[in-house]
Structure formats: structure tokens, C-alpha cells
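# Inside the fold
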Amino acid sequence: MTIFCTIYYICSYIETIPQIIKLIKTKSSHDYSLSMLTLQLIALISWSIYIFTTKQNIVVYIGTIVDLILLFIVDFLILKYYKNFTKA
């Protein structure tokens, strides 16, 4: 089952990293849905609470931490550039 978990995390990272690159290059986030990102963050925090309160494989712990870090980076960049967008 660890292979499926690893596949999930790899796909999740492949999905998130281009978002980070796009945000850094364009310095614009007006085309992102803040409500979608909020729901994604709530889901990942809920998942993390579940993972860290149960006994899991080390791959799951590491994958969840990296997933959280990447999502926080995306959220930070979106809020940073969203703020710049509203000033314009």
C-alpha cells in the first residue's frame, strides 16, 4: 500500500510545484480561487491531524509534511500577490 501513498504524493507535488513557479514568475494571483484554496487547506490540515494521531509508515509522515509545506507556500504567494493585485 505504500506505493499508492507514494504515487499520491508524487502527483500532489507535480500539481503544486507549477503553481508556485507560475506565481513567482507572474507575481499575480487574481485568477486563483481563494475559497478553493481555503477548502484545500482545511482538507490537508484535517488529513494531517488524522495522520499524526495514528500510527503510519514514515513515507506518510514525510509526504504529509512536504504536502503541507508546499500548500503553505502556494497560499502565502497567492495572498501576497492577491494583495498587490487589489492595490493596483
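What comes next is a walk through the structure. From a predicted model like this one, the values you see are computed outputs, not experimental measurements. Within any chain, residue numbers begin from 1 and follow the written order of that chain's sequence. In view of the model being predicted, local features appear only for residues whose pLDDT reaches at least 70, and side-chain atom pairs are presented and counted only at 80 or more, with totals across whole chains, interfaces and linings using the full set of residues. Here the side-chain values reflect all heavy atoms present in the structure, with hydrogen atoms and water set aside.

This part is about the packing of aromatic side chains. One pair of aromatic rings is described through two measures. These are the centre distance and the angle between the planes. Pairing of aromatic rings covers Phe, Tyr and the six-membered ring of Trp, with a centre-to-centre limit of 6.5 Å; geometry is then stacked below 30 degrees between planes, edge-to-face above 60, and tilted otherwise. Counted under the stated rule, the structure contains four aromatic pairs. Considering the side-chain rings of Tyr-8 and Tyr-9, the 5.0 Å spacing of their centres and the 65 degrees angle between planes classify their relative orientation as edge-to-face. In this scheme, a residue with accessible area under 20% of its type's maximum is buried, one over 50% is exposed, and one in between is partly exposed, where area comes from a 1.4 Å probe on protein chains only. For Tyr-8, a relative accessible area of 44% gives the class partly exposed. With centroids separated by 6.2 Å and ring planes inclined at 25 degrees, the aromatic side chains of Tyr-9 and Tyr-13 adopt a geometry described as stacked. Of this pair, Tyr-9 and Tyr-13 both sit in helix H1 (residues 2–26), separated by four residues, roughly a single helical turn. For Tyr-9, a relative accessible area of 4% corresponds to the buried category. Secondary structure is summarised from DSSP: a helix means a run of H or I of at least four residues, a strand means a run of E of at least two, and numbering begins at the N terminus for each.

Moving on: the pattern of salt bridges. Take a side-chain nitrogen of Lys or Arg and a carboxyl oxygen of Asp or Glu: if they are within 4 Å of each other, that pair is a salt bridge. Inspection of the entire model under this criterion finds one salt bridge. For Lys-22, the salt bridge identified is with Asp-31, shortest N-O distance 3.0 Å.

Time to look at unusual backbone geometry. You will see that Lys-27, though not glycine, has its phi angle at about 50 degrees, which is positive. Mapped onto the elements of the fold, Lys-27 is located in the loop between H1 and helix H2 (34–52). Taking the relative accessible area as the measure of exposure, Lys-27 reaches 49% and is therefore partly exposed.

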